[in-house]
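If you want the building blocks of each chain, they are given just below.
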Amino acid sequence: MQQVTKMAKGKEDKKAVSDQEIPTKHQKLIQWVNEMAALCQPDRVVWCDGSEDEKTRLERESITNGELIELNPKKLPGCFLHRTAHNDVARTEHLTFICTSKKEDAGPNNNWMVPKEAYAKAGAMFQGAMKGRNMYVIPFCMGPVGSPFSKIGIELTDSIYVVLNMRIMTRMGSAVLKALGTDGEFTKGLHSKADLDINRRLILHFPEDNTIWSIGSGYGGNVLLGKKCLALRIGSWLGAKEGWMAEHMLILGIEKPNGEIKYITAAFPSACGKTNLAMIVPPEGLRHKGYKIWTVGDDIAWLRIGKDGALRAVNPEAGFFGVLPGTNSKTNAVAMATMKKNTIYTNVVLAPDKTVWWEDGDGEPPAEGIDWKGNPWKPGTKDAEGKPVLGAHPNSRFTAPISQCPTFSPKMNDPEGVPISAIIFGGRRARVAPLVYESFNWQHGVYVGSQMASERTAAQYGKQGEVRRDPMAMLPFCGYNMADYFAHWLRMGQRIKKQPKIFHVNWFRTGSDGKFLWPGFGDNLRVLEWILGRVEGTAEAEETPIGYIPKSNSIDLKGLSLDQNKVQELLSIDSQEWLEDLKSQEEFYVQFGDRLPKEIRSELDALRKRLSRSQ
Ligand code: GTP
Ligand code: SPV
Ligand code: MN
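Residues numbered from 1 in each chain as written. Chains lettered and ligands numbered in written order. Predicted model: local features only at pLDDT ≥ 70, side-chain atom pairs only at ≥ 80, totals over all residues. Heavy atoms only, no water.

**Topic: the overall build of the chain**
And then number 1: Helix and strand counts for the chain stand at 17 helices and 33 strands.
And then number 2: Relative to its length of 615 residues, the chain is compact, with a C-alpha radius of gyration of 24 Å against a globular reference of 25 Å.
And then number 3: Once the C-alpha set of the chain is aligned to its principal axes, its extents read approximately 80 × 60 × 55 Å.
And then number 4: Counting only residues that meet the buried cut, the chain has 61% of its 615 residues in that class.
And then number 5: Carbon and sulfur atoms provide 51% of the accessible area of the chain, an area that totals close to 24,100 Å².
And then number 6: Side chains of the chain give 79 positive and 72 negative charges; the mean places of these two sets differ by 2 Å. (Helix = DSSP H or I, 4+ residues; strand = E, 2+ residues; numbered from the N terminus. Rg over C-alpha atoms; globule rule 2.2 N^0.38 Å. Buried < 20%, exposed > 50% of the residue type's maximum accessible area, 1.4 Å probe, protein only. Areas by Shrake-Rupley, 256 points an atom, 1.4 Å probe, with all protein chains shown as cover. Lys, Arg positive; Asp, Glu negative; His and termini not counted. Charge placed at Lys NZ, Arg CZ, Asp CG, Glu CD.)

Structure representation (structure tokens):
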């Protein structure tokens, strides 16, 4: 039975009066919900229990109000389409703030506001923002309920789309409220789509108060507050304080024919291949080796040192919020199978038979359909300037439960997490970075992560293709001064007895024709195999100024028609190009001043010397 708290009318307008039992005795929680309801003035406050009944009721309601379109129940059972506002299709980093008392604590990597000012500014926007709508109270847990890794949050929202997404993306409902008890700690999340106006949009984090306020957006990373806001920005802050790490990483298990499973994590910036690698399908040429893949997570890892001295990882999420364009049965058959049912599709083409389509997906586009903006669309549609109109937005996404993934790892629910053997950093770089290299040691590996760079993708608002430094793929997600974050990585290394080895990969290097040199996707397993070989001491490598790279023939290229020139180009290191790159690294580090750990500076200096010598 759903719990509903009706708002009293008239004079009592500002006070939530319960006509049904509130499903918790947590006084601080009740008080906060009442305060936020008084501010936002929803018609009703609805406590979510996570039940099937509730899900069906919310789906019906959102079909009626137009938030969701039900898809073909035979071909896509339990699936829905959602269209966002046209200017609300990606995270808005320029409207995202870390609000700490001291500016230096947020660091040069974050937009900053004084908490008092931020509360006042957003408070004015939240005033009456939920009038005519319900306020849903979503209790959610990041990580398995009851695990020492996990954190509980409560999100208040006026969007049913958010409730239905949070149901998939997190463990959500009554069990979480129960785990919270009468005085448990929780992150306070407040979200209102308000009028979806980009000029009145703010995503605010108050790490000192364990609070998140998001207003004016209805897009994933801005509004599913458990994901980037809690699991990364607030999470990284808590991690630094409590001695663990919150990272923008996939988690993957590779089972060898002897049954042994090795787990790795990989940090790539948004839309640079985490979901794809997390579900990798062994390529034809390697199939005879009998590798099996286990998907633990595709976006976020929480890492703690286990009793055994290993670095252990938990995926705090329970679902995927994955990129659609480019996803098809060839590139990612596992993702395609995962999203066949109970999936929410956002910003794709609606076909007349109520199925969906996106660019570089499966099959031909429908002869006629409706594009992500809700306009009639057919293949070849051009805009006023004669440019092709995409049917799906480049950052269109699917939300699906991890439990539906054919390679789902049951270890995902292990409260102790999985032990990590290798950490992989990587970016999208047309030049400079080779296909793969191994760092010399933990400290050098931290430096390698700290100088990561990548071309901007459609996952964030702004100019596409521009190369920017994105340390550990955390630039938009580190909730505190990034120099302190580097120091935290260095400190963690000293505490980890069984240190994972640290690698860097680049699937996106291009040749003189501008095309990708490396086939990518399933073939990336060839690189992972070399990485595991290095962990186990069986794969051969050559020492270079930047780190160890594979000796020729030490990556298994069987069944791949890739000529030797291309392989050489993929692994080549141009000292001149690297020395140029170091200049841009220096420019990036300058902003951190004295706060930059001296170890990072000394790694950079040592690399410069090695490169100069090798010229
Ligand atoms: P977020 O969800 O934004 O964090 O992205 P992600 O890192 O999970 O990226 P995802 O796996 O969704 O891939 C993003 C885009 O890159 C998709 O269009 C993929 O098809 C493409 N992609 C992924 N892996 C490869 C690869 O190995 N090579 C090439 N060329 N493209 C890839
Ligand atoms: C990313 O942009 O890194 C994502 C999607 O994973 S979002 O949830 O919007 O952040
Ligand atoms: Mn991501």
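Next comes the rest of the account.
**Some details on the sheet that holds strand β5 (residues 80-82)**
And then number 1: Taken together, the five strands give an open sheet; going across it, the order is β4-β5-β21-β26-β20, and neighbouring strands pair in mixed fashion. The open sheet has two free edges, formed respectively by β4 (69-70) and β20 (319-323), since each of these has just one partner strand. (Pairing = 2+ DSSP bridges.)

**Describing the pattern of salt bridges**
And then number 1: For the structure on display, the rule yields 38 salt bridges.
And then number 2: Taking the shortest distance from any N to any O, the salt bridge between D158 and R133 comes out at 2.9 Å. In this pair, D158 is assigned in the loop between β9 (151-157) and α5 (160-169) and R133 in the loop between α4 (115-126) and β8 (134-142), connecting sequence segments 25 residues apart.
And then number 3: Exposure remark for D158: the relative accessible area of 3% places this residue in the buried category. (Salt bridge = Lys/Arg side-chain N within 4 Å of Asp/Glu carboxyl O.)

**Some remarks on the coordination of the manganese ion (ligand 3)**
And then number 1: Of the protein atoms, only K228 (NZ), H248 (NE2) and D299 (OD) coordinate the manganese ion (ligand 3), at distances of 2.1 to 2.6 Å.
And then number 2: Considering all six donor atoms around the manganese ion (ligand 3), angles at the metal cover 64 to 173° and the coordination shape is irregular.
And then number 3: If you list the donors of the manganese ion (ligand 3) from N- to C-terminus, the spacing comes out as K-x19-H-x50-D. On the criterion of sequence distance, the pair formed by H248 in the loop between β14 (245-247) and β15 (250-255) and D299 in the loop between β17 (292-297) and β18 (301-305) is long-range, its members being 51 residues apart.
And then number 4: A relative accessible area of 1% means that H248 is categorised as buried. (Donors = N, O, S within 2.8 Å, 3.2 Å for Na, K, Ca; no water. Tetrahedral: all angles 85-135°; square planar, octahedral: opposite > 155°, others 65-115°.)

**Re the site of ligand 2**
And then number 1: Among the twelve residues in the neighbourhood of ligand 2, the closest are listed as R91, Y219, G221, K228 and S270.
And then number 2: The contact in question runs from an oxygen atom of ligand 2 to an N or O atom on the side chain of K228, over 2.6 Å.
And then number 3: Within the contact set of ligand 2, an oxygen atom lies 2.5 Å away from a side-chain nitrogen or oxygen of S270.
And then number 4: Isolated, ligand 2 exposes 280 Å² of accessible area, and the fraction of that covered by the protein chains is 98%.
And then number 5: In terms of residue class, the shell around ligand 2 is made up of four nonpolar, three polar and five charged. (Near = heavy atom within 4 Å. Polar contact = N/O pair within 3.5 Å; in protein donor to acceptor, adjacent residues only side chain to side chain. Nonpolar A, V, L, I, M, F, W, Y, C, P; charged D, E, K, R; others polar.)

**Side note on the domain arrangement of the chain**
And then number 1: Taken domain by domain, the chain consists of domain 1 (3-67 + 94-242) and domain 2 (247-318 + 410-573).
And then number 2: With 35 residues of domain 1 at the interface, the matching set in domain 2 holds 31 residues.
And then number 3: In this assembly, domain 1 packs against domain 2 so that about 2,700 Å² is buried in total across both faces, 57% of it on carbon and sulfur atoms.
And then number 4: Counting the contacts that link domain 1 with domain 2 gives three salt bridges.
And then number 5: Counting the contacts that link domain 1 with domain 2 gives 19 residue pairs in polar contact (both at pLDDT 80 or more). (Domains from an automatic or database assignment. Contact = heavy atoms within 4.5 Å. Buried area = accessible area lost by both parts, 1.4 Å probe.)

**Some points on the pairing of strand β31 (residues 501-505)**
The side chains of a regular strand alternate between both faces of the sheet.
And then number 1: Counting buried positions along β31 gives four out of five residues, so the element sits mostly inside the fold.
And then number 2: As paired elements, strand β27 (residues 418-426) and β31 share five bridges and run parallel to each other. Within the sheet, the bridge partner assigned to F425 lies in β31 and is H504.
And then number 3: In this sheet, β31 lies alongside strand β28 (residues 436-438) in antiparallel orientation, the contact comprising three bridges. From the neighbouring strand, Y437 faces β31, where its bridge partner is H504.

**Quick notes on the packing of helix α12 (residues 442-450) against helix α17 (residues 598-614)**
And then number 1: Between α12 and α17, the shortest axis-to-axis distance is 9 Å and the interhelical angle comes to 90°. By the angle between their axes, α12 is roughly perpendicular relative to α17. From α12, Q443, H444, V446, Y447 and S450 reach across to α17, where they touch E599, I600, S602, E603, L604, L607 and R610.
And then number 2: For the contact of α12 with α17, the class distribution of residues is five nonpolar, four polar and three charged. (Axes fitted to C-alpha atoms, helices over the stretch in contact; angles between N-to-C directions. Parallel < 35°, antiparallel > 145°, perpendicular 65-115°, else oblique.)

**So, the packing of aromatic side chains**
And then number 1: Here the structure, examined in full by the defined rule, presents 21 aromatic pairs.
And then number 2: Arranged with centres 5.8 Å apart and planes meeting at 55°, the rings of W32 and F186 form a pair that is tilted. Placement of the pair is W32 in helix α1 (residues 27-40) and F186 in the loop between α6 (174-180) and β11 (187-192), with a sequence separation of 154 residues. Here W32 matches F186 in class, with each residue buried.
And then number 3: The interplanar angle of 75° and the centroid separation of 5.0 Å between the aromatic rings of Y119 and W213 together place this pair among those described as edge-to-face. A residue pair is termed long-range when its members are at least 10 positions apart, and Y119 in helix α4 and W213 in strand β13 (residues 211-215) qualify at 94 residues.
And then number 4: You can call Y119 partly exposed: its relative accessible area is 26%.
And then number 5: Among the aromatic residues, those joined into a cluster by ring pairs are Y480, Y485, F486, F588, Y589 and F592. (Phe/Tyr/Trp six-rings, centres within 6.5 Å; stacked < 30°, edge-to-face > 60°.)

**A look at the environment of D88**
And then number 1: Tracing the sequence through the fold places D88 in the loop between β5 and β6 (96-98).
And then number 2: On the accessibility criterion, D88 (1% relative accessible area) is buried.
And then number 3: Spatially, the C-alpha atoms of D88 and F521 are 29 Å apart, while their sequence positions differ by 433 residues.
And then number 4: Sequence-distant contacts of D88, that is, excluding residues within four places in its chain, are made with L196, R201, S217, G218, Y219 and N222.

**Thoughts on helix α14 (residues 524-536)**
And then number 1: Helix length check: α14, at 13 residues, gives a terminal C-alpha distance of 19 Å against a target of 18 Å (1.5 Å per residue), a fit within 8%.
And then number 2: Extensive coverage of α14 is indicated by the burial of eleven of its 13 residues.
And then number 3: Among the residues of α14, those classed as buried are N524, L525, R526, V527, L528, E529, W530, I531, L532, G533 and R534. (Expected span 1.5 Å × (residues − 1).)

**What about α5?**
And then number 1: Most of α5 is tucked away, with nine of its ten residues classed as buried.
And then number 2: Buried within α5 are the following residues: I160, Y161, V162, V163, L164, N165, M166, I168 and M169.
And then number 3: Two or three places before Y161, at the opening of α5, S159 has a side-chain oxygen 3.3 Å from that residue's backbone nitrogen.

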